[in-house]
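Structure assessment
Each chain, letter by letter, is given below.
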Amino acid sequence: MKKSIPILFVLGMILVLGLTSQSTITATRPAIAKQVDALLDSADFYHHKSLDSALEFSLRARELASENNYIEGEVNGLAKAALTLTFKGEPVKMQEIYNQAIYTSRNLKDKSALINTYFAMGISYRTLFHFDQSYFYYQQAMDLVFDDLENQSDAIMAKMYDQLAYLLFRELNDSTVSIEFMNKSKDLYLKDGNFEYYVDMFIKIGDVFRYNRHNSMARFYFDSTRILLQTHYFPLVDANYNKLMAALLFDLKNLAQGLEHLKKAEQLFIQVQDNKNLADVYTMFAFVASKMNETEKCLDYNYKALRLRQELGHKILISSSYSNLASNFFKLNKEKLAFQYQKKALSLALSASHYYYSHKYAHSLYRMYKDIQQFDSSLVYLEIADSLSVLLPRSSMNNIGSSNLIESKIKLQNKESIENSKLKMENTRNQLEYSIYISLFLLFIIILFVFWIFKLKKNL
């Protein structure tokens, strides 16, 4: 009987551990998943280098996943391909592939791939300045997140807050809530162990403060980024830090120090072969040269930006470079080249379905023709600009904000508060259940012990 007590004790402990542990079931991933993920990582690697290569790797990932019936990988490949097509200026193909991704994911129990697809669609339409559609797809993603909040990963939640914060900041001008969401995203990235995104969030928060002329707070977050980079160094984050630090210093009219940071950003973007951001840096150099009336130097930097954007294959940014060059040539009284480049810019923006840039370039052509007193041509482009203006967001670009965005933001905050309360109640209920289980087990042990003492006395 003495030997039976340890055995009963071990059995009892196993029972308690079984009762008190959470019964989480981890979905097994197919063996092919690693290969698909590697292809998707390659697509990410080329995202700022060559959009053609990024698209190729995305479609190869989708094909491999499809051949092996790995539905999640197929959906992720399709979504990444569609996002790439946004920047390549192919909106019809973009929407077709997004539709495929949504249809393919219809039977998935785990909605992570569909959530990522909706987030990608939000980014695509935000890029094209189709803000109503953008927010609609963000809302679809958020609804799926909150429908199963307890099972969402920290990575998904971090991404949700990150994307929504950007939208609220840029399109709603709601910096308070935007910063609140960015801080939540930052903390979740840290919890998830994603230090690169964690450090990068400090730059994003600083940029919101810079945008709102809170220069001391912007400097605080930028300096925090620099300090964090000493222990967690990422060249791309360092490059972004220097680029935005330069922008802050330019705002403060400190051109000398700003140019030092911009040159450092240039070196780092060359090092990591980031054509997209490097072109942006050259555009910033061009802006500074323009402010200093150095038109030829400005022209040179804009050409550098154009060549990089052509190499990248980013049709929307190529149109921006053409428009910048058109302004340079117009200042140099080279009207023929100016009109040629501005019309190229308009054509690219229209084919990419970018409403804001299309309207902007048409209006620029109107003003340019008006300045040289070609009023017939000027009127043509004024009419084009007017026809495009109805496609812009309902509110003006200087006072952006719609009842839909405000209503959805409040809905999110209320929903989040309710879900947090539900989680607290669930945790309290679980703790109560565990206490009951442990009490029952202890009672079981006491009964066994009393029974053992009774048997021992009886044998004596």
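Residues numbered from 1 in each chain as written. Predicted model: local features only at pLDDT ≥ 70, side-chain atom pairs only at ≥ 80, totals over all residues. Heavy atoms only, no water.

Here we come to the overall build of the chain. Tallying secondary structure elements over the chain gives 20 helices and 0 strands in all. Out of the 460 residues in the chain, the part that is buried amounts to 47%. Nonlocal contacts in the chain, meaning residues at least 24 apart in sequence, comprise 60% of its contacts between residues at least 6 apart. Surface summary for the chain: the accessible area is close to 24,500 Å², and the carbon and sulfur share equals 55%. (Helix = DSSP H or I, 4+ residues; strand = E, 2+ residues; numbered from the N terminus. Buried < 20%, exposed > 50% of the residue type's maximum accessible area, 1.4 Å probe, protein only. Contact = heavy atoms within 4.5 Å. Areas by Shrake-Rupley, 256 points an atom, 1.4 Å probe, with all protein chains shown as cover.)

Turning our eyes to something else, we now look at the pattern of salt bridges. Tallied over the entire structure, the rule returns 18 salt bridges. Two residues, aspartate 52 and lysine 88, come together in a salt bridge whose shortest N-O distance is 2.6 Å. A residue pair is termed long-range when its members are at least 10 positions apart, and aspartate 52 in helix H3 (residues 51–67) and lysine 88 in the loop between helix H4 (71–87) and helix H5 (91–104) qualify at 36 residues. Its relative accessible area of 48% is what places aspartate 52 among the partly exposed residues. In this structure, arginine 219 engages aspartate 223 in a salt bridge whose closest nitrogen and oxygen atoms are separated by 3.5 Å. (Salt bridge = Lys/Arg side-chain N within 4 Å of Asp/Glu carboxyl O.)

On average, residues of the chain score 85 in pLDDT, and 81% of them are at 70 or above. Confidence drops under a pLDDT of 50 for residues 1–26, and excluding neighbours within four residues, the segment shows 15 contacts in the predicted structure. Ignoring residues within four places in sequence, the model shows residues 395–407, a span with pLDDT below 50, making 18 contacts including any to other chains. (pLDDT = per-residue confidence, 0-100.)

This next bit is on the packing of helix H13 (residues 255–271) against helix H14 (residues 275–291). Here H13 crosses H14 at 155°, and the two axes come no closer than 9 Å. Put simply, H13 runs roughly antiparallel to H14. Viewed along their axes, H13 and H14 form a crossing whose handedness is left-handed. Side by side, H13 and H14 meet where Leu255, Leu259, Leu262, Lys263, Ala265, Glu266, Phe269 and Ile270 of the first sit next to Asn277, Leu278, Val281, Tyr282, Met284, Phe285 and Val288 of the second. Classifying every residue of the contact of H13 with H14 by side-chain character gives 12 nonpolar, 1 polar and 2 charged. (Axes fitted to C-alpha atoms, helices over the stretch in contact; angles between N-to-C directions. Parallel < 35°, antiparallel > 145°, perpendicular 65-115°, else oblique. Left-handed = near helix turned anticlockwise from the far one by under 90°. Nonpolar A, V, L, I, M, F, W, Y, C, P; charged D, E, K, R; others polar.)

Here we come to the packing of helix H17 (residues 335–351) against helix H18 (residues 355–371). One can describe the packing of H17 onto H18 by two numbers: an axis separation of 8 Å at closest approach and a directional angle of 155°. Classified by the interaxial angle, the pair formed by H17 and H18 is roughly antiparallel. When you trace H17 past H18, the crossing you get is left-handed. Judged by residue contacts, Ala338, Phe339, Gln342, Lys343, Ala345, Leu346, Ala349 and Leu350 of H17 engage Tyr357, Ser358, Tyr361, Ala362, Ser364, Leu365, Met368 and Tyr369 from H18. Taken together, the residues of the contact of H17 with H18 break down into 12 nonpolar, 3 polar and 1 charged.

Taken as a whole, this structure holds 26 aromatic pairs when the rule is applied. Aromatic pair tyrosine 189 and tyrosine 197: ring centres 5.2 Å apart, planes at 85°, arrangement edge-to-face. Owing to a relative accessible area of 5%, tyrosine 189 belongs among the buried residues under this scheme. Here tyrosine 197 falls in the partly exposed class, since its relative accessible area comes to 44%. Note on tyrosine 303 and tyrosine 341: the rings are 6.5 Å apart at their centroids and 85° apart in plane angle, and the pair reads as edge-to-face. Placement of tyrosine 303 in helix H15 (residues 295–312) and of tyrosine 341 in helix H17 is noted, with a sequence separation of 38 residues between them. Site record: aromatic cluster; members linked through ring pairs are Phe129, Phe131, Tyr356, Tyr357 and Tyr361. The ring centre of tyrosine 103 lies 3.9 Å from the NZ or CZ of arginine 106, which sits over that ring. Note that lysine 344 overlies the ring of tyrosine 341, its terminal NZ or CZ placed 5.6 Å from the centroid. (Phe/Tyr/Trp six-rings, centres within 6.5 Å; stacked < 30°, edge-to-face > 60°. Lys NZ or Arg CZ within 6 Å of the ring centre and 35° of its normal.)

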